[in-house]
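Structure at a glance
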Amino acid sequence: MSPRRRDSASTAAARAGRRTELLATAAEVFASRGYAATTVREVADAAGMLGGSLYYHFDSKEAMVDEILSTFLTDMWAAYDRVTGSGLGARETFHALITESFRMIDRYRPAVVIYQNESKHLAANPRFTYLVESMRRFREMWLSVLDRGVLAGEFRADLDTGLIYRFIRDTVWVAASWYRGDGPLSADEIARQYIVMVLEGITAD
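As the structure is a computational prediction, the values presented were derived from the model and not from experiment.

Parameters and conventions
- Residues numbered from 1 in each chain as written.
- Predicted model: local features only at pLDDT ≥ 70, side-chain atom pairs only at ≥ 80, totals over all residues.
- Heavy atoms only, no water.
- Helix = DSSP H or I, 4+ residues; strand = E, 2+ residues; numbered from the N terminus.
- Buried < 20%, exposed > 50% of the residue type's maximum accessible area, 1.4 Å probe, protein only.
- Contact = heavy atoms within 4.5 Å.
- Areas by Shrake-Rupley, 256 points an atom, 1.4 Å probe, with all protein chains shown as cover.
- Core = buried A, V, L, I, M, F, W, Y, C linked by side-chain atoms within 4.5 Å.
- Domains from an automatic or database assignment.
- Salt bridge = Lys/Arg side-chain N within 4 Å of Asp/Glu carboxyl O.
- Polar contact = N/O pair within 3.5 Å; in protein donor to acceptor, adjacent residues only side chain to side chain.
- Expected span 1.5 Å × (residues − 1).
- Bend = angle between axes of the 7 residues up to and from the residue.
- Phe/Tyr/Trp six-rings, centres within 6.5 Å; stacked < 30°, edge-to-face > 60°.
- Arc of directions from axis to C-beta.
- Axes fitted to C-alpha atoms, helices over the stretch in contact; angles between N-to-C directions.
- Parallel < 35°, antiparallel > 145°, perpendicular 65-115°, else oblique.
- Left-handed = near helix turned anticlockwise from the far one by under 90°.
- Nonpolar A, V, L, I, M, F, W, Y, C, P; charged D, E, K, R; others polar.

So, about the overall build of the protein chain. A tally of helices and strands in the protein chain yields eight helices and zero strands. Moving toward the C terminus, one meets the helices and strands of the protein chain in the order α-α-α-α-α-α-α-α. Looking at the protein chain as a whole, 42% of its 205 residues qualify as buried. A fraction of 71% describes how many contacts in the protein chain between residues 6 or more apart in sequence connect residues 24 or more apart. Total accessible area on the protein chain stands at roughly 11,100 Å², and carbon and sulfur atoms take up 54% of it.

Right, here's the structure in full:
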């Protein structure tokens, strides 16, 4: 590689690294202060740079939150698709999906908080219609697993699967508000304990 190409590659890598750092900072600020209430200047201040300098990397605050959410959801659905395509039974699929969910919280906690708090508002913007699609897919995925478990006799038939789904959705993702990566329990251990608590309530005798 010529010196010019090597310098160009090094510059591109440095810029990509800085972009990743800025997105991580923006995600933390949006999660703690709220997306609508946060200004570009506040994100720049948190990143230790001038407000105008942020536009060298992103053309708007909207572009930042779009990349934060789309990156998280792309990774989440890749993990979920691996689970649902692996041919596991309903109980094992339930276990694996919960584990992957807590791993997503560990990896993308600020993005999960933004997704939880801001999706309804953001989805009104055509740029974020993928949020509505993600919510639809999430509901269909879980209802399919739960209904399959009921039919197989693995989950109780006297409980409404729609209610179970809403319970899972709300109790898993709310963990993003209190989970800390340096806490006493790992994401996998929290998932394991959550699964024990839930399955004792919905597993057939």
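Past the structure itself, the notes keep going.
Among the nonpolar cores identified, the biggest contains 65 residues, and F72, I98, F102 and W173 are the most heavily contacted of them. Contributions of two or more residues to this core are made by α1 (3-33), α2 (40-47), α4 (61-84), α5 (90-122), α6 (129-151), α7 (161-173) and α8 (187-202). Considering every element that reaches this core, the biggest residue donor is α5, with 15 residues. Counting the residues that make up this core, at least three belong to each of domain 1 (1-58) and domain 2 (60-205). Residue contacts for I98: discarding those within four places in its chain leaves W142, I168, V172, A191, Y194 and I195.

Turning our attention to the pattern of salt bridges. This structure, assessed with the given rule, holds 15 salt bridges. R41 is the salt-bridge partner of D45, the closest N and O atoms lying 3.2 Å from each other. Placement of both D45 and R41 in helix α2 is noted, with a separation of four residues, approximately one turn of the helix. Residue classification places D45 among the partly exposed residues on the basis of a relative accessible area of 45%. A salt bridge links D81 to R137, with the nearest nitrogen and oxygen atoms 3.4 Å apart. One end of the pair, D81, is in helix α4; the other, R137, is in helix α6, with 56 residues separating them in the sequence. Judged by relative accessible area, D81 falls into the partly exposed class, the value being 40%.

The next subject is the side chain of T93. One can find T93 in helix α5. The class for T93 is buried, based on a relative accessible area of 1%. A polar atom in the side chain of T93 sits 3.4 Å from the backbone oxygen of L88. With near-sequence residues (within four places) excluded, T93 lies in contact with V83, L88, V145 and R148.

Before going further, it helps to examine α5. For α5, which comprises 33 residues, the first-to-last C-alpha distance of 33 Å sits more than 12% below the rise-based estimate of 48 Å (1.5 Å per residue). Y108 marks the point of greatest bend in α5, at about 105°, and the proline P110 comes within the next four residues.

This brings us to the packing of aromatic side chains. The tally for this structure, following the rule as stated, stands at 12 aromatic pairs. Ring centres 5.4 Å apart and planes at 85° place the aromatic pair W77 and Y80 in the edge-to-face group. Of this pair, W77 and Y80 both sit in helix α4, three residues apart, roughly one helical turn. Pair check on accessibility: W77 and Y80 agree, each one buried. Judged by centre distance (5.5 Å) and plane angle (75°), the rings of F94 and W142 are edge-to-face. With F94 in helix α5 and W142 in helix α6, this pair connects stretches of sequence that are 48 residues apart. Side by side, F94 and W142 carry an identical accessibility label, which is buried.

With that settled, the discussion passes to α2. For α2, the set of buried residues is V40, V43, A44 and A47. Viewed along the axis of α2, the buried residues span an arc of 100°, placing them on a single side of the element. Within two residues after α2, G48 carries a phi angle of roughly 75°, on the positive side.

To continue, consider the packing of α4 against α5. Two numbers describe how α4 lies on α5: the axes approach to 9 Å, and their chain directions differ by 155°. As summarised for this structure, α4 and α5 are arranged roughly antiparallel, according to the angle between their axes. You can see that α4 and α5 cross each other, and the crossing is left-handed. Its residues assigned to classes, the contact of α4 with α5 comprises 18 nonpolar, four polar and three charged.

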